Structures are given as structure tokens and as C-alpha cells.
Amino acid sequence: MYTDSHCHPENKRFDSDRPEIFARAKAAGVTTLLAIGNGDGPGSGTFDCAIKLAEQFDGVYATVGIHPHEAALAKQGDFDELLELARHPKVVAWGEIGLDYYYDHSPREVQQSVFLQQMELARAAKLPIVIHCRPSDNSTNAWDDTLSLLRENWASSGLGGVMHCFGGTVDHARASLDIGFVISFAGNITFPKAQNIRDAATVVPDDRMFLETDSPYLAPGPYRGKRNEPAFVTEVAKRVAELRGVSSEEIGHQTSANFRAFFRIKPAESQ
Ligand SMILES: [Zn+2]
Ligand SMILES: [Zn+2]
């Protein structure tokens, strides 16, 4: 049994075969999925995209939030709408939110203020947050800012969160664990240059780890360059299992149990 803790099944690249994607995930033993609800961002009318899928498919849970890429488009009305949507029973986290200094699609100071505003909303909604953190090349800038903003503005909430598609160092993993975060590993752990991620995967405690695909993006090793899908989380499990000297099934079972415990999901709810 496996859990994909972060995917984008509403993405247009799944429009032609979405039900098959969910069926293939189930057939591969991927029984639980967290659908990320950023959609096409503010003004697009798609903030409920993950909720719609969670209502339609068993074992699918949802988030709401504004991605740092689209931070510059955010208006007050968007925050009000998100807070309302966050009350849906299948919304288990706020995200993905954070800082992306690699693409810089929105100015950094705007990304920071929208990140801060959403931390306040998540606190009001009593939801953990899903963090997207991507620094510039050969820099730790987004990590430095993300961790300091979280320490000052989020750690005291006690709600914790998920470092999605973890791409930092062992030190970044430890700093994240220290403030109540879970580390989620994705297909980039299979990439030849990602030794930092493989190192981190050997130090994270068993009960503080998730697996994800970030599909349709970031296909793991054997599928690199192709469209990714939730079923391929088994490839991430395989790599993490090798690194930790256990079986893929064990990693799948452990990370699924971690997911249910963190989001307080009863086993009977995820079929
Ligand atoms: Zn992301
Ligand atoms: Zn994502």
C-alpha cells in the first residue's frame, strides 16, 4: 500500500484519461492521494479543483492555496474564498505555498507577503501547510528565507506541515524536522545529481517521512521526461527503500501510516 502525498490530478495533461489515472494508481497499490488545489491561480475560478476530485474519488484528499508563482495575482477576495473552501471536510492542508527564487515568477517580496498571509489563514483554519521551496541555482536563498519565516510565524502554531518535493541538504531536513515538519521525497531523488536528497533520505526518522510524485511534473528515473502519474510513487518508494535498506512495501506502509496519522485520517476512510 502506497500514498502519493502530493500530486496535481486536475492538471490539463490528465484531461484525456483522468479516471484511468486513478484506476492505475489503485491497481499499483496507491490507495491514498493528496490533490494539490492551486489550480490556475487567482482569477481563474479553479481554487476548488482538488476538492471536486476529492468529492468524486475515494482516498483522494485536497488542499487549497496560492502557489508562490502566482502570488502577484492575489487579491483580498481570493483569500476570503480560500478560507471558505478550507472548511470542506476533505481539505486536510493549506498549500502549496512558499517561495520560488528559481523561476521568480512573482517578485520575492510579494511571494513573502502572500506566504505570510496564507500562514495566518491556515492558522485560522487549523490546517497544516504544504511548503514549496526552491532556491536559485547554487544558492540556499529560498531555504534561508522559508525557514526563518516559518520559525518566526508558524512554528508556534503547533500545526506543522510538509516540505514537499524535498530538495535541500541534510541540515535543511533537520531544521525542518525541528519545527514540526514532515519531509516528502519525490522523483528527483532518482536524478544522478541529487546526492543531497539521497543523503537526507537516510537521516529522516521513519515516522517523519512522506512520498510523492508531484505529477504530472517530475517523472522519476525510468520515466524521466514523460508525463508523471500517481502510480509512479512506487518508483520513489523503491529508491528510498534501497537507501534505507528496507523493502519498498515497508516504506509504502510506513509512509501511508505517517500520512494518515499526520492528517488524522481513519484507515476506513482511505480505501
Ligand atoms: Zn511545488
Ligand atoms: Zn506541486
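All chains use their own residue numbering, which begins from 1 and follows the written sequence. Numbering of ligands from 1 and lettering of chains from A proceed in the order in which they are written. Per-residue local features of the predicted model are confined to residues with pLDDT of at least 70, and side-chain atom pairs are confined, for both listing and counting, to 80 or more; whole-chain, interface and lining totals are unaffected and use all residues. To obtain the side-chain values, all non-hydrogen atoms of the structure were included, while hydrogens and water were left out.

Student: Explain the coordination of the zinc ion (ligand 1) to me, please; I cannot follow it from the model alone.
Tutor: Geometry sets the ideal angles at a metal, namely 109.5 degrees for four tetrahedral donors and 90 or 180 degrees for six octahedral donors. Here the term donor refers to an N, O or S atom within 2.8 Å of the metal (or 3.2 Å for Na, K and Ca), and because water is left out of the atoms, sites may appear incomplete. Only E96 (OE), H132 (ND1) and H164 (NE2) from the protein coordinate the zinc ion (ligand 1), and they sit 2.0 to 2.1 Å from it. If you list the donors of the zinc ion (ligand 1) from N- to C-terminus, the spacing comes out as E-x35-H-x31-H. Between the two metals, the zinc ion (ligand 1) and the zinc ion (ligand 2), the spacing is 3.5 Å, and E96 donates to both. With E96 in strand β4 (residues 91-100) and H132 in strand β5 (residues 129-134), the pair connects residues that are 36 residues apart, well separated along the chain. Using a 1.4 Å probe on the protein chains alone, a residue whose accessible area is under 20% of its type maximum counts as buried, one over 50% counts as exposed, and one in between counts as partly exposed. You can call E96 buried: its relative accessible area is 2%. Working definition: helices are DSSP H or I runs of at least four residues, strands are E runs of at least two. Numbering for both runs from the N terminus.

Student: Quick question: what am I supposed to make of the nonpolar core here?
Tutor: Grouped burial of nonpolar side chains is what soluble globular proteins tend to show. Of all hydrophobic cores here, the largest spans 66 residues; its most connected members are W94, I129, I131, L150, M163 and F185. Apart from residues no more than four positions distant in its own chain, F185 is found in contact with F166, I197, A200, A201, V204, M209, F210, L211, E212, V236 and V240. The criterion is simple. A nonpolar core is a set of buried Ala, Val, Leu, Ile, Met, Phe, Trp, Tyr and Cys residues joined through side-chain atoms within 4.5 Å. Counting residues in hydrophobic clusters, the runner-up holds 12 residues, among them I36, V130, V182 and F210. By the convention used here, residues are in contact when the closest approach between their heavy atoms is within 4.5 Å.

Student: Even after reading the chapter, I still don't get the sheet that holds β4, so can you show me in this structure?
Tutor: As a general point, the strands of a sheet are linked pairwise by backbone hydrogen bonds and lie either parallel or antiparallel. Criterion used throughout: strands pair if DSSP finds at least two bridges between them. Taken together, the 8 strands give an open sheet; going across it, the order is β1-β2-β3-β4-β5-β6-β7-β8, and neighbouring strands pair in parallel fashion. The open sheet is flanked by β1 (2-7) and β8 (209-211), the only strands paired with a single partner. Here the average twist between neighbouring strands, direction ignored, is 30 degrees. Strand contacts of helix α6 (residues 170-178): β6 (161-163) and β7 (181-185), with the helix running at about 140 degrees to β7, the strand carrying the most contacts. Angular values range over 0 to 180 degrees, each being the angle between N-to-C directions of two axes fitted as lines to C-alpha atoms, with helices fitted over their stretch in contact.

Student: Hey, could you run me through the pattern of salt bridges in this one?
Tutor: Two side chains carrying opposite charge are able to pair once their charged atoms lie near each other. Salt bridges are defined as contacts in which a side-chain nitrogen from Lys or Arg sits within 4 Å of a carboxyl oxygen from Asp or Glu. Scanning the model with the defined rule gives 12 salt bridges in all. Put simply, R24 and E229 hold a salt bridge, and the shortest N to O gap is 2.8 Å. On the criterion of sequence distance, the pair formed by R24 in helix α1 (residues 18-27) and E229 in the loop between β8 and α8 (233-244) is long-range, its members being 205 residues apart. For R24, a relative accessible area of 38% gives the class partly exposed. Take E229: its relative accessible area is 5%, and that puts it in the buried class. Across the pair R239 and E242 runs a salt bridge whose closest N-O atoms are separated by 2.8 Å.

Student: Would you take a moment to explain the pairing of β7 for this structure?
Tutor: In the case of a regular strand, side chains alternate between the two sheet surfaces. Of all 5 residues in β7, 5 are buried; the element is thus mostly enclosed. Of the two faces of β7, both are covered, the one formed by F181, I183 and F185 as well as the one formed by V182 and S184. Bridge analysis of β6 against β7 gives 3 bridges, and the strand direction is parallel. Paired with G161 across the two strands is F181, which belongs to β7.

Student: Would you mind going over the packing of helix α5 (residues 141-153) against α6 with me for this structure?
Tutor: To characterise two packed helices, one gives the angle between the axes of the helices and the distance between these axes. Put simply, α5 and α6 touch, their axes get as near as 11 Å, and they point 15 degrees apart. Of the possible angle classes, the one that applies to α5 and α6 is roughly parallel. Where α5 crosses over α6, the two elements pack in a sense that is left-handed. For the pair α5 and α6, the contacting residues are W143, L147 and R151 in the first and H172, A175 and S176 in the second. Residues are sorted three ways: Asp, Glu, Lys and Arg are charged, Ala, Val, Leu, Ile, Met, Phe, Trp, Tyr, Cys and Pro are nonpolar, and all the rest, Gly among them, are polar. Considered class by class, the residues forming the contact of α5 with α6 number 3 nonpolar, 2 polar and 1 charged. Orientation categories follow fixed angle ranges, with anything under 35 degrees roughly parallel, anything over 145 roughly antiparallel, 65 to 115 roughly perpendicular, and all other angles oblique. Each crossing gets its hand from how the near helix is turned against the far one by less than a right angle, where anticlockwise is left-handed and clockwise is right-handed.

Student: Help me understand the layout of surface pockets, please; the structure alone is not making it clear to me.
Tutor: If a probe as big as a water molecule is rolled over the atoms, it shows which places are left empty. Empty space within the largest pocket amounts to approximately 1,400 Å³. Residue lining of the largest pocket: 44 residues in total, with H132, R134, C165, N188 and L218 positioned closest to the centre. A per-class count over the lining of the largest pocket returns 13 nonpolar, 19 polar and 12 charged. Method remark: on a 1 Å grid restricted to protein atoms, a set of points is classed as a cavity if a 1.4 Å probe fits but cannot get out and as a pocket if it is open with protein on both sides within 12 Å along at least five of seven lines; lining residues have an atom within 4 Å of a point. Grid points are joined across faces, edges and corners, and a volume is the space filled by probe spheres set on the points. Approximately 310 Å³ is the volume attributed to the second largest pocket. If you trace the second largest pocket, you find 15 residues lining it, with V92, P128, F262, F263 and R264 closest to the centre. For the lining of the second largest pocket, a count of residues per class yields 10 nonpolar, 2 polar and 3 charged.

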